[in-house]
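Structural characterization, general
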Amino acid sequence: MFLLPSMLVLLIICFWYLIWGYSLVTNHGVPERMMKAIIEACREFLELPEEEKRGISGKHVLDPIRSGTSFNESVDEILCWRDYVKIFQHPEFHSPNKPPSFREIALEYSKRVRLVAREIIRGISESLGLEKDYIYETLNPENGLQLIAANLYPPCPQPELAMGLPPHSDHGLLTLLIQNQIGGLQVQHKGKWVNIDPIPNSFLANIGDHIEILSNGKYKSVLHRAVVNNRDVRISIAVPHGPALDAIVSPDSKLVENVGNPPAYGAMKYK
Ligand SMILES: O=C(O)CCC(=O)C(=O)O
Ligand SMILES: [Fe+2]
């Protein structure tokens, strides 16, 4: 179980978030073997022949299992050097039937990751001067969407001419990302792209758009992208956590009532 050991650690984490928009989380309580198992299960799925993957997946954003290449194939002009699969885990659990071990591994992994996300979101809530459970009570992420979004970036003969995943910020409250020890993730900091080297057995926790809105911009959802290389297959698994689908997210009235801090964002739903 992930526990924030002390107020000092909480302050350090939040300070880091305020500057960078992401944090590395260790001591999270998710066993390393479980992290390796989900990476292998996703790799096995993504390495299935295209026709098999197509038979299992839909194409619409609300299809519970969706696979393909690029970011959003219907609108992107340039396709990305990656294959991906997105699988809804919560509030309704879905799993491909291949590889056969996927269901059991994903069920356990997504349950454990939800606990980690909850503790971090509670910490963010407190750091904003709100009650620990305030974000959970108002936006109800217990009923929100949790996905496994797995990316496989094959070696690319001319990496400087391709992009794995273009710059974006993540939707939702918080994304917890793991990767197979091959670098490629970059975050934008002060206008420059900075490499985030993989640290074994850790999560990269990215602030999502809805925390930026709720906090009225105090926390920023971090702009990030994935670059590719010409040697190794890179795999990353992002698990975003959204507010309840019908929750209306807006700058919280408790955070915008001071004069000089008007709401900087309009209200929106996740869906
Ligand atoms: O591959 C990566 O490290 C980034 C993945 C990502 O940002 C995403 O799936 O939203
Ligand atoms: Fe992302």
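Rules used throughout
- Residues numbered from 1 in each chain as written.
- Chains lettered and ligands numbered in written order.
- Predicted model: local features only at pLDDT ≥ 70, side-chain atom pairs only at ≥ 80, totals over all residues.
- Heavy atoms only, no water.
- Near = heavy atom within 4 Å.
- Polar contact = N/O pair within 3.5 Å; in protein donor to acceptor, adjacent residues only side chain to side chain.
- Areas by Shrake-Rupley, 256 points an atom, 1.4 Å probe, with all protein chains shown as cover.
- Helix = DSSP H or I, 4+ residues; strand = E, 2+ residues; numbered from the N terminus.
- Nonpolar A, V, L, I, M, F, W, Y, C, P; charged D, E, K, R; others polar.
- Salt bridge = Lys/Arg side-chain N within 4 Å of Asp/Glu carboxyl O.
- Buried < 20%, exposed > 50% of the residue type's maximum accessible area, 1.4 Å probe, protein only.
- Donors = N, O, S within 2.8 Å, 3.2 Å for Na, K, Ca; no water.
- Pairing = 2+ DSSP bridges.
- UniProt positions renumbered as here; feature names shortened; annotations may be inferred.
- Expected span 1.5 Å × (residues − 1).
- Arc of directions from axis to C-beta.
- Axes fitted to C-alpha atoms, helices over the stretch in contact; angles between N-to-C directions.
- Contact = heavy atoms within 4.5 Å.

Every residue lining ligand 1 is accounted for by Asn151, Tyr153, Leu165, His168, Asp170, Leu177, Leu185, His224, Ala226, Arg234, Ser236 and Ala238. Contact between ligand 1 and histidine 168: an oxygen atom at 3.1 Å from a side-chain N or O atom of the residue. A distance of 2.7 Å separates an oxygen atom of ligand 1 from a polar side-chain atom of serine 236. Protein burial of ligand 1: of its 300 Å² of free accessible surface, 93% is covered by the chains. Of all elements in the fold, only strand 4 (144-153), strand 5 (165-168), strand 10 (224-226) and strand 11 (234-244) reach the threshold of two or more residues within the shell around ligand 1. In terms of residue count, the dominant contributor to the shell around ligand 1 is strand 11 (3 residues). Grouping the amino acids of the shell around ligand 1 by side-chain chemistry returns 6 nonpolar, 4 polar and 2 charged.

Right, let's talk about the pattern of salt bridges for a bit. One pass over the full model with this rule turns up 11 salt bridges. With its nearest N and O atoms 3.7 Å apart, the salt bridge here joins arginine 43 to glutamate 47. Residue classification places glutamate 47 among the partly exposed residues on the basis of a relative accessible area of 48%. Of the charged contacts in the structure, one is a salt bridge between aspartate 133 and arginine 122, with a shortest N-O distance of 2.8 Å. With aspartate 133 in the loop between helix 4 (102-127) and helix 5 (134-139) and arginine 122 in helix 4, this residue pair connects regions lying 11 residues apart in the sequence. Salt bridges here are not isolated pairs; linked through shared partners, they connect Glu40, Arg43 and Glu47.

Time to look at the coordination of the iron ion (ligand 2). With distances of 2.1 to 2.2 Å, the protein atoms coordinating the iron ion (ligand 2) are His168 (NE2), Asp170 (OD) and His224 (NE2). Each donor residue of the iron ion (ligand 2) lies on the same chain, and together they follow the pattern H-x1-D-x53-H. Of this pair, aspartate 170 sits in the loop between strand 5 and strand 6 (174-179) while histidine 224 is found in strand 10, placing the two residues 54 residues apart along the sequence. Judged by its relative accessible area of 12%, aspartate 170 is buried. When its relative accessible area of 4% is taken as the criterion, histidine 224 is described as buried.

Let us look at the pairing of strand 3 (residues 83-90). With 6 of 8 residues buried, strand 3 lies mostly within the body of the structure. Bridge count for strand 2 (residues 65-69) against strand 3 is 5 bridges, and the pairing is antiparallel. Among the inter-strand pairings, isoleucine 65 is bridged to a residue of strand 3, identified as isoleucine 87. Bridge analysis of strand 3 against strand 4 gives 7 bridges, and the strand direction is antiparallel. Of the residues in strand 4, the one forming a bridge with histidine 90 is glutamine 146.

We now examine the UniProt feature "domain: Fe2OG dioxygenase" (unreviewed entry) in the protein. Under the local residue numbering, the UniProt record ascribes the feature "domain: Fe2OG dioxygenase" (unreviewed entry) to residues 141-243. Across residues 141-243, the secondary structure splits into 6% helix and 46% strand, with the terminal C-alpha atoms separated by 4 Å.

Let us now look at helix 2 (residues 32-46). Helix length check: helix 2, at 15 residues, gives a terminal C-alpha distance of 21 Å against a target of 21 Å (1.5 Å per residue), a fit within 8%. Inspection of helix 2 places Met34, Met35, Ile38, Ile39, Ala41, Cys42, Phe45 and Leu46 among the buried residues, and these make up the whole buried set. One side of helix 2 carries all its buried residues, which in axial view fall inside an arc of 165 degrees. In this structure, helix 2 carries Arg33 and Lys36 as exposed residues pointing more than 90 degrees from its buried face.

Below, the discussion takes up the side chain of glutamine 146. With respect to the helices and strands, glutamine 146 occurs in strand 4. Separated by 3.1 Å, the side chains of glutamine 146 and histidine 241 make a polar contact.

Moving on, we get to the sheet that holds strand 11. Pairing between the strands of a sheet comes from backbone hydrogen bonds, and it takes one of two forms, parallel or antiparallel. Taken in spatial order, the 7 strands make up an open sheet running 1-9-6-11-4-3-2, and their pairing is antiparallel. Every other strand in the sheet has two partners, leaving strand 1 (22-25) and strand 2 as the edge strands with one partner each. The mean inter-strand angle of the sheet, taken between neighbouring strand axes irrespective of direction, is 20 degrees. Its contacts with the sheet place helix 4 against strand 1, strand 3, strand 4, strand 6, strand 9 (203-207) and strand 11, and it is angled at close to 130 degrees to strand 6.

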